[in-house]
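The chain contents come next:
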Amino acid sequence: MHQTADQPSIVILTGAGISKESGLDTFRCADGIWNKVSLEDVATPEGFARDPDMVHGFYNARRAQLADPTLSPNAAHEALARLEREWPGEVLVVTQNIDDLHERGGSKNVLHMHGELKKVRCEGCRAVAVWDGDLGRDSACPTCGVAGAMRPHVVWFGEMPLGMERIYAALEDCALFLSVGTSGNVYPAAGFVHHVLETSGGRTVELNLEPSQGATLFAEQHYGPATEVVPAFVDRLLAEGPAALE
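All of the points below concern the structure found in this document. Each residue is numbered by its place in its chain's sequence as written, counting from 1. Given that the model is predicted, a residue must reach a pLDDT of at least 70 before its local features are reported, and side-chain atom pairs must reach 80 or more before they are shown or counted; all residues, however, enter totals for whole chains, interfaces and linings. Calculation of side-chain values draws on the structure's entire complement of heavy atoms; hydrogens and water are dropped beforehand.

## Here's the deal with the sheet that holds strand E5 (residues 128-130)
At step 1: Strand pairing is assigned whenever DSSP detects at least two bridges linking the two strands. We count a stretch as a helix when DSSP gives it H or I for four or more residues in a row; a strand needs E for two or more, and each element gets its number in order from the N terminus. The strand order E5-E4-E6 describes an open sheet built from three strands, whose pairing is antiparallel. A single partner strand is all that each edge strand has here, and the edge strands are E5 and strand E6 (150-154). Sheet twist, expressed as the mean angle between neighbouring strand axes with direction ignored, is 45 degrees.
At step 2: Here strand E4 (residues 115-122) runs beside E6; their pairing, made up of four bridges, is antiparallel. Within the sheet, the bridge partner assigned to glycine 115 lies in E6 and is valine 154. Every angle, taken between N-to-C directions, lies between 0 and 180 degrees, and every axis is a line fitted to C-alpha atoms, over only the stretch in contact when it is a helix.

Structure (structure tokens):
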């Protein structure tokens, strides 16, 4: 990621709050699906080792939810895609979400640091493949053909997030760091604003339903539903242009 004075780069961190208005549960929804299971059972390598059938069943259901024709990207996803299309510099979306709503909303430059629900990984040959249907312990790897070694391509608790080298390089070069719909208490993502302040010195903005745990670290905050605050911010930023980040 490289920027010039007339083409300043932007890094956008997104969390579950941007997808909630499309109908996807967050980890913290009181009545959501994630609150009805033990995260130790469905979101850790140890849980998968104990009961792979249960874990596969859980993610198969989440994958089926993504295939629901009534599920679609919302105005916040579409606004970020518009920002990528119209901003003169590079725009990178770093998302903690495992859904594909950013891509469906039109974003092209997306890094899924916690993996992707519609991809699977072979523990044998390490190949990653697109996968839309159900996955089970007997599923064969489409690359090496071995059965019994497939798992969701999702970063579980205790595992290293994906793309960290690229993310930190982008943060160190950005003129704007935008945090959207994230609680600010899951690391390493919660530390990204610190990294920007200590390196690039870029403008920091939080767009959220309510203040995150790190809200005071941001120079600017706007609170409300993502479908309202994100399009409004993008409209202002595009109207002001790169001069707003000087």
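From this point, the narrative continues.
## A few points about helix H7 (residues 164-171)
At step 1: Three labels apply to residues, based on accessible area from a 1.4 Å probe with only protein chains included: buried if under 20% of the type maximum, exposed if over 50%, partly exposed otherwise in between. Met164, Ile167, Ala170 and Leu171 are the residues of H7 that are buried. Burial along H7 is one-sided: seen end-on, the buried residues are contained in an arc of 130 degrees. Of all possible arcs, the one meant is that of the directions from the helix axis to the C-beta atoms.

## Some remarks on empty space enclosed by the protein
At step 1: Cavities and pockets were defined on a 1 Å grid built over protein atoms only: a cavity is a set of grid points that admits a 1.4 Å probe from which the probe cannot escape, a pocket is an open set flanked by protein on both sides within 12 Å along at least five of seven lines, and lining residues are those with an atom within 4 Å of any such point. Grid points are joined across faces, edges and corners, and a volume is the space filled by probe spheres set on the points. Under the counting rule described, the total for this entry stands at one cavity of 30 Å³ or more.
At step 2: Roughly 100 Å³ of volume is contained in the largest cavity.
At step 3: Together, 15 residues line the largest cavity, and Ser179, Thr182, Gly184, Ala189 and Ala190 are the ones closest to its centre.
At step 4: Taken together, the residues of the lining of the largest cavity sort by class into seven nonpolar, seven polar and one charged. Three classes are used: nonpolar for Ala, Val, Leu, Ile, Met, Phe, Trp, Tyr, Cys and Pro, charged for Asp, Glu, Lys and Arg, and polar for all others, with Gly counted as polar.

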